[in-house]
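The residues making up each chain are set out below.
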Amino acid sequence: ERRVNGADSKRSLHPKSILDLAMVEEFLNSRGKKEIHARTLYKWLFRRNKGGTSTARDNAWTPQDLPEGLSIDLRAALVAEFALTTSKVIERSDSTNGGFKLVVQ
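As the structure is a prediction and not an experimental result, all values here were calculated from the model.

Student: Could you give me a rundown of the nonpolar core, with the residues and numbers involved?
Tutor: Residues Ile 18, Val 24, Leu 41, Trp 61, Leu 66, Leu 78 and Phe 82 are the most contacted members of the largest nonpolar core, which totals 18 residues. When contributions to this core are tallied by element, the ones reaching two or more residues are α1 (21–30), α2 (36–48) and α3 (72–81). By residue number, the principal contributor to this core is α2, which donates 5 residues. With sequence-adjacent residues up to four places away left out, Val 24 is seen in contact with Ile 18, Ala 38, Leu 41, Tyr 42 and Phe 82.

Next comes the structure, spelled out in structure tokens:
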């Protein structure tokens, strides 16, 4: 759970976003792991998407996809708890002038 826009209301995300560094660090700390593992994970993540070639199917990942510098147990837990993306396009409207609008969830 985390605060939303600083308010007292809380929400629980599942899967959590791997891009939320605070969540990743909290996850690592709760398992007795050092936060340095987040750096290893982020280096892999951003090298993986170098050149902007990611696709929608890239959200599917397995423990074997993650860096070998992380234990297999930690990799499996990360995959179970986090997603590469937590948003999806649920509607697209094209306009006559060539633009478009997306409804994102």
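Student: Tell me about the packing of α1 against α2, residues and numbers included.
Tutor: Orientation of α1 relative to α2, taken along the N-to-C sense of each, is 130°, at an axis distance of 9 Å. With respect to each other, α1 and α2 are oriented oblique. Between α1 and α2 lies a crossing of right-handed hand. From α1, Leu 21, Val 24, Glu 25 and Leu 28 reach across to α2, where they touch His 37, Ala 38, Leu 41 and Tyr 42. Here the contact of α1 with α2 is built from residues that sort into 6 nonpolar, 1 polar and 1 charged.

What counts as what
- Residues numbered from 1 in each chain as written.
- Predicted model: local features only at pLDDT ≥ 70, side-chain atom pairs only at ≥ 80, totals over all residues.
- Heavy atoms only, no water.
- Core = buried A, V, L, I, M, F, W, Y, C linked by side-chain atoms within 4.5 Å.
- Buried < 20%, exposed > 50% of the residue type's maximum accessible area, 1.4 Å probe, protein only.
- Helix = DSSP H or I, 4+ residues; strand = E, 2+ residues; numbered from the N terminus.
- Contact = heavy atoms within 4.5 Å.
- Axes fitted to C-alpha atoms, helices over the stretch in contact; angles between N-to-C directions.
- Parallel < 35°, antiparallel > 145°, perpendicular 65-115°, else oblique.
- Left-handed = near helix turned anticlockwise from the far one by under 90°.
- Nonpolar A, V, L, I, M, F, W, Y, C, P; charged D, E, K, R; others polar.

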